[in-house]
Amino acid sequence: MRFGRETSLLVLELRREGGRGIHINMDGHGDQAQFELGETFDLPPFSPTDADAAEQLAAEIADQPSGSLLLALPREESVLRRLELPTTEPDELPTVARFRLLQEAHLDEAGAAVDCLPIQTHEATTTAIVVGANGSIMEFGNALATASGRKLAGVSLRVLGLPDLLAAPGGAPALAIDLTRGPSLAVVVDGVVHRVGAASDDLEDVERETIRLVSAWRMTEDNPVEEIVVSGAQDLADHLVGRLRSALGLSVHHVVAPLDTVLAADVEHSAGTPWGLVGLGRAHMLSHDRIDLQHPRVAEDRVAPLRRRGMLLAGVILVLFGWIWSSGNKEVRQLQAQIDLLRAELPQQTQAEGEALRNLFRYRHAEEWLSVAPDFVAELQAISGVVPDDGRAVMGSWRGFLAFDGVVYDNKASGKQKWKSSYQLRFVMTGEAQDRSVADDIRAALVEGDRYRIETSGAEAAKGKRLPRAFTYELGRESDP
């Protein structure tokens, strides 16, 4: 449930080693809104399990301007995933997203908060950004709000404010970097964070994490990252921009003040404005579609119309019963009451049967989805087993990939064949051989028995580093029917 928008927020980044905060005030509405930023301030280290931590942090923000709290959770207390959810029903998404995230991220189910943001609907699945946090940190946030006497407006992640660093958040994928304390990185597509990274304050670590994110995105997505924006202190940002341009050959630039904001009088951000926090608060104030763990999306109450109809039917029955009673026809009254009771129970039984069938289908779908678990170790053993161990050939590298489009339900098939979870495996192996005949023997052994399809993706005549002839084979295999 999303509440009314705020016009004054105290945005706090909670970090175990010591966080920070900033006050944001909004004047106006929509495109005419203006934002004024207060002074950034530091928060002391804390532990969510410390009974006095909430009171101590509340004391630290007691002299800050009035306004509701917007909390950005620590990295170690939260998780963000982009998931393919096996449903296209909007009222099923929150339940399915929570189930999948609790299963994959190993969050403590008791009290855990999960929210999702759907970004694309396919024929039978929905791609969504799903964020979760453990119940202990959510309880701490509520305790902090109570101790400080402020309303808890929302709970999110600092990295989800990075899309606002982009001048035009739509279009090709871009990478946004906030260099202020505890740097955070996010791949943004159409104004939504799809993948995140984190690094230490060391610029070399930030550079490595940036290259990793860009490379990983290029390997798994059709559209590569085309732009990188960096915010932070001028000297650090300029240094990183230069290194990234040389390393990646992309458009990389420093944004000094990317958002439509002004600093309050006599305010300076000497270490750089935390634009990730500002973007988070700005999106909340403008009521953008966003992740909020304090007010997560919930499934619609689909039973409410049935309840209203039931109440209406009960009213009709009551009037009819009174008329029969007043007429003195006791036998007719009893028969009519029995008929009405059966009619009232029939929709309930039909609904219960439909709900049971839906739950069965959900279980079968989840069971089929989880059954897709290729044994890459066995595949590696099978492929490497054809390489002679007498020194005439050596294996250089091996990579495996899984192509899985999800579970498909075929209503025309019979029995277990209705559920299909076919997938494809692809492997790339490199190696070196004493001569061409040895490489050909390896190739023949791989295709023997029709276990793999194979095609040479590299020149076999290339010279190896250890043996005279280098080779590269690309293998493919369908899943068992």
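Residues numbered from 1 in each chain as written. Predicted model: local features only at pLDDT ≥ 70, side-chain atom pairs only at ≥ 80, totals over all residues. Heavy atoms only, no water.

### Examining the sheet that holds strand β11 (residues 184-189)
We count it as follows: Think of it this way: DSSP has to see at least two bridges between two strands before they count as a pair. Numbered from the N terminus, helices here are DSSP runs of H or I no shorter than four residues, and strands are runs of E no shorter than two. Lines are fitted to the C-alpha atoms to define the axes, a helix being fitted only along its stretch in contact, and any angle between axes, read from their N-to-C directions, falls within 0 to 180 degrees. Contacts are residue-level and defined by heavy atoms, with any inter-residue pair within 4.5 Å sufficient.
One open sheet holds the five strands; their spatial order is β12-β11-β10-β13-β14, and the pairing between them is mixed. Since the sheet does not close on itself, it has two edges, and those belong to β12 (192-198) and β14 (251-254), each with one partner. The mean inter-strand angle of the sheet, taken between neighbouring strand axes irrespective of direction, is 20°. Here strand β10 (residues 174-178) pairs with strand β13 (residues 227-231) via five bridges, running parallel. In the strand pairing of β13, A174 is matched with E227. Strands β10, β13 and β14 of the sheet are contacted by helix α5 (residues 234-248), whose axis makes an angle of about 175° with β14.

### Describing the packing of helix α4 (residues 203-220) against α5
To be explicit about the condition: Angles are sorted into four bins: roughly parallel if under 35 degrees, roughly antiparallel if over 145, roughly perpendicular if 65 to 115, and oblique for all others. Crossings are classed by handedness, with left-handed meaning an anticlockwise turn of the near helix from the far one by less than a right angle and right-handed meaning a clockwise turn. When residue character is reported, Ala, Val, Leu, Ile, Met, Phe, Trp, Tyr, Cys and Pro are called nonpolar, Asp, Glu, Lys and Arg charged, and the others, Gly included, polar.
Two elements in contact, α4 and α5, have axes whose closest approach is 10 Å; the angle formed by their N-to-C orientations is 40°. For the element pair α4 / α5, the angle class is oblique. Seen from above, α4 lies across α5 with right-handed handedness. Of the residues in α5, those touching α4 at L203, E204, V206, E207, T210, I211 and V214 are L236, H239, L240, R243, L244, A247 and L248. Classifying every residue of the contact of α4 with α5 by side-chain character gives nine nonpolar, two polar and three charged.

### Considering the sheet that holds strand β6 (residues 78-85)
Across the sheet, which stays open at both edges, the three strands sit in the order β6-β8-β7 with antiparallel pairing between neighbours. At either end of the open sheet lies a strand with only one pairing partner, and these are β6 and β7 (113-121). If you compare each strand with its neighbour and ignore which way they point, the axes differ by 20° on average. This element, helix α2 (residues 93-105), spans β6, β7 and β8 (126-133) of the sheet and lies at about 120° to β6.

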